[in-house]
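# An overview of the molecular structure
One letter stands for each residue in the lines below.
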Amino acid sequence: YNVCIMAYGQTGSGKTYTMLGPQLEENFAFSTKDESELGIIPRATQEVFRLISEKPPGSYWVEVSVVEVYNNEIFDLLAKDSCGKVFGVKRDVVTTREGKSDVPLLTHETVENASEFLHLVNKGLQLRVRHPTLVHAHSSRSHLVVTLTITTIVSGDNFGTSWEDEQTSQRLNKEVSCTFPQKMRDNKSTSSSRASSPAQLEATEKPKQVKTRLQLVDLAGSECVGMSGVTGAALRETSFINRSLSALADVLGAIAEQRSHVPYRNSKLTHLLQDSVGGDAKLLVMLCISPDQKYLTESMQSLGFGTRARQVQRGQVKKKNFPGQGKAK
């Protein structure tokens, strides 16, 4: 299943620090010198590669993409021009025939360890849009989405069958039992086993690829215009930020209430995160709350968002390689 970890809260409440850790003032790259101060993104990545190192070599590989959602547009922060310079290129998110969200032409870089990954994220951070406000001198004006796509090679023997496949197999076996006498069934099964060619046997044992996503999200902060004092282009940015955060709250509310329609497409942010928020994905929301009394209204709004997120109850788990399980929160 897919996993999403995001930091939510008002501007200046510590979301970027929570996700990235301390950043170097001169270029906003995050520092990894002090291990105790590492944020969730470097910590999660180190843990992923630690787990992969315990597996057989070549059974896993990891690809990374870094995008920002700015003014309801998706920008690829790892795209390069002919000179090798990195710059943001606008992309779009689409829904595939399988019902999955995808960003065509998005840059995916293969990484073999945590240091390679952190180098790519640092490169993307240099391009993230920032603008000073009265509340925060280095306010992020976009949602940062770092995605690790982990591909697992699973042999045919270990891949297993889905719950639906097992039910179909049982039903067909029952129908065969009702249709054929015992002797004919034995002859049928014997002839079937003899008819299986080496090519067919090889096909059943052919390794399969299972792709899962770990999406690490540093959301832009919700803003009260009266306190932040933004005008002009920054005011337009605030409008898009607040609307996308409202769309995210609507999506969680629809999932919590088990509505038939979940409005993922109301925002590029929610459309991009659809596979890691809905379905049988696991979502962790880190609420960042300012301790200052004057931000009480914003803190209460953030806690309301967290309450809505906690009300989400997962239904029947439907995985490709495991039988159906009970409800998971």
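What counts, and where the lines are drawn
Residues numbered from 1 in each chain as written. Predicted model: local features only at pLDDT ≥ 70, side-chain atom pairs only at ≥ 80, totals over all residues. Heavy atoms only, no water. UniProt positions renumbered as here; feature names shortened; annotations may be inferred. Buried < 20%, exposed > 50% of the residue type's maximum accessible area, 1.4 Å probe, protein only. Helix = DSSP H or I, 4+ residues; strand = E, 2+ residues; numbered from the N terminus. Pairing = 2+ DSSP bridges. Patch = residues over 30% accessible without salt bridge, like charges linked within 9 Å, V, L, I, M, F, W, Y side chains within 5 Å. Areas by Shrake-Rupley, 256 points an atom, 1.4 Å probe, with all protein chains shown as cover. Salt bridge = Lys/Arg side-chain N within 4 Å of Asp/Glu carboxyl O.

Under an unreviewed UniProt entry, the name given to the protein is KIF25 protein, and the source organism is Calonectris borealis. According to UniProt, the comment filed for the protein under the heading Subcellular location (unreviewed entry) is "Cytoplasm, Cytoskeleton". For the protein, the Sequence similarities (unreviewed entry) comment in UniProt is given as "Belongs to the TRAFAC class myosin-kinesin ATPase superfamily. Kinesin family."

## Topic: the pairing of strand S10 (residues 143-154)
In terms of burial, S10 is largely enclosed, as eleven of its twelve residues are buried. Across ten bridges, the pairing between strand S2 (residues 60-70) and S10 is antiparallel. Considered in S10, the bridge of Glu63 is made with Thr149. Bridge count for S10 against strand S11 (residues 208-218) is eleven bridges, and the pairing is antiparallel. The partner of Ile150 across the bridge, within S11, is Thr212.

## Some words on a nonpolar patch on the surface
Together, Leu287, Ile289, Leu296, Met300 and Leu303 give the surface a local cluster of nonpolar side chains, amounting to about 420 Å² of exposed area. With three residues, the single largest contributor to the nonpolar patch is helix H12 (residues 296-310). Summarising the element assignment, Leu287 is placed in strand S12 (residues 282-288).

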